[in-house]
Each structure stands twice: as C-alpha cells, then as structure tokens.
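Remarks on the overall topology
The lines below spell out each chain.
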Amino acid sequence: MKSNQFVVIGLGRFGSSLARELIQLGYEVLGVDKDEESVQEMSQVLTHAVIADATDEEVLRSLGVRNFDCGVIAIGDDIQASILTTILLKDLGVKQVVAKAMTELHGRVLEKIGVDRVIYPERDMGIRVAHQLVSPNLLDY
Ligand code: ATP
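Presented here is a report on the structure given in the accompanying data block. (Residues numbered from 1 in each chain as written. Predicted model: local features only at pLDDT ≥ 70, side-chain atom pairs only at ≥ 80, totals over all residues. Heavy atoms only, no water.)

**Structural notes on the site of the ligand**
Close to the ligand lie 19 residues, the nearest being R13, F14, D33, D53 and G76. A54 is positioned with one of its backbone polar atoms (N or O) 3.0 Å from a nitrogen atom of the ligand. Here D77 contributes a backbone N or O atom positioned 3.3 Å from an oxygen atom of the ligand. Protein chains bury 83% of the 630 Å² of accessible surface belonging to the ligand in isolation. Here the ligand occupies the largest pocket. (Near = heavy atom within 4 Å. Polar contact = N/O pair within 3.5 Å; in protein donor to acceptor, adjacent residues only side chain to side chain. Areas by Shrake-Rupley, 256 points an atom, 1.4 Å probe, with all protein chains shown as cover. 1 Å grid on protein atoms, 1.4 Å probe; cavity = no way out; pocket = protein on both sides within 12 Å on 5 of 7 lines; lining within 4 Å. Sits in = over half its atoms within 2 Å of the grid points.)

In structure tokens:
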C-alpha cells in the first residue's frame, strides 16, 4: 500500500531524518514530539509540527491521526511510550503503523501488538552498509 500522508511521532535523529526525506519526496508530514526544541527545529520543514505527548489518546484524536495513511513511531528509549503510542495509532485506525525498536525484545512486543513493520535503525543500517561495501554499484540496497 502506498501512503500519501504521514504522521511521524518522535523527532529525534531518526524521526527527523525520516520526516525530512518524506517532505523532500513530496509527501505531507505531521511531526509530533513532546520536546519543544525538537518541534521548533522542524516547524519550518514539515507540513505541521506539534508539541504533544503521543501517549495521550485525546491529543492523538484531536490531531486527527486516524486520517493518516501511515504512522511512524520513532520513539526508542522510552519503550512504554513506544508501545502505548503504537496501540493508540492502531486503535484509532491508522492504516499502516511502523515503529522503531531499540532491541529485539522491544521489536517482538511491537509485533505482538500488531505493528505492521518494525525498524531496527542501527541493525538495518549495518546490514545495508555491509552490502554497499562489497557491491559498491549497489546504490539502493
Ligand atoms: P534518535 O536516536 O532518533 O535521536 P533518541 O534515542 O535520541 O532518538 P528517543 O528516546 O528514541 O531518543 O526519542 C526520540 C524522540 O521521541 C525524542 O525527541 C523524544 O522527545 C520523543 N518522545 C519520547 N517520548 C515521547 C512521547 N510520549 N510523545 C512524544 N514524543 C516523545
């Protein structure tokens, strides 16, 4: 399924990089972070950027997240916040929910609660770079 509108929750290094790239590719992105500074930094880049605690169901409802095709949860360190936000996005009806996991166990929990895709940024990037090192022509692995 191809998504057109994305909500990215957590604008740390991973979330902000992903959100910026989606904008570059021409998609609409709502960014959410509880940290004012992170939101401030991205407010000129994204379609909308909002300071909010993503574990608050009412906040997610009022932001209309159910209308987004894809939600990316880019919260890693706070596993509880990652899990709660994942469940809320699924229950609110976001069609595709993707979440970052810091550990394999965190990823297993996310899968059990119905996440559509788990991303392990460091692990996945290590694999990607290894492939690029042995096949330099393989630009897009
Ligand atoms: P990265 O490696 O992507 O920089 P990080 O390890 O520095 O991430 P994380 O703990 O993964 O930091 O959090 C990423 C972002 O998610 C932070 O900007 C943080 O403020 C935000 N965040 C954490 N919990 C919540 C929450 N409940 N609601 C909204 N944003 C949150």
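**Side note on a nonpolar patch on the surface**
A cluster of nonpolar residues, M125, V129, L133 and V134, forms a patch on the protein surface that exposes about 400 Å² of accessible area. Along the chain, L133 falls in helix α6 (residues 121-134). Under the relative-accessibility criterion, L133 is labelled exposed at 66%. (Patch = residues over 30% accessible without salt bridge, like charges linked within 9 Å, V, L, I, M, F, W, Y side chains within 5 Å. Salt bridge = Lys/Arg side-chain N within 4 Å of Asp/Glu carboxyl O. Helix = DSSP H or I, 4+ residues; strand = E, 2+ residues; numbered from the N terminus. Buried < 20%, exposed > 50% of the residue type's maximum accessible area, 1.4 Å probe, protein only.)

**Notes on the layout of surface pockets**
Of the pockets and cavities examined, the largest pocket occupies roughly 1,400 Å³. Contributing to the lining of the largest pocket are 45 residues, with F14, L18, V72, A74 and I119 lying nearest its centre. The set of elements that each furnish at least two residues to the lining of the largest pocket consists of β1 (5-9), α1 (13-24), β2 (28-33), β4 (70-73), β5 (96-100), β6 (117-119) and α6. Per-element accounting of the lining of the largest pocket gives the leading share, 6 residues, to α1. Across the lining of the largest pocket, the residue classes break down as 24 nonpolar, 8 polar and 13 charged. (Points joined across faces, edges and corners; volume = space filled by probe spheres on them. Nonpolar A, V, L, I, M, F, W, Y, C, P; charged D, E, K, R; others polar.)

Without other data, these values stay purely geometric and don't point to any function.
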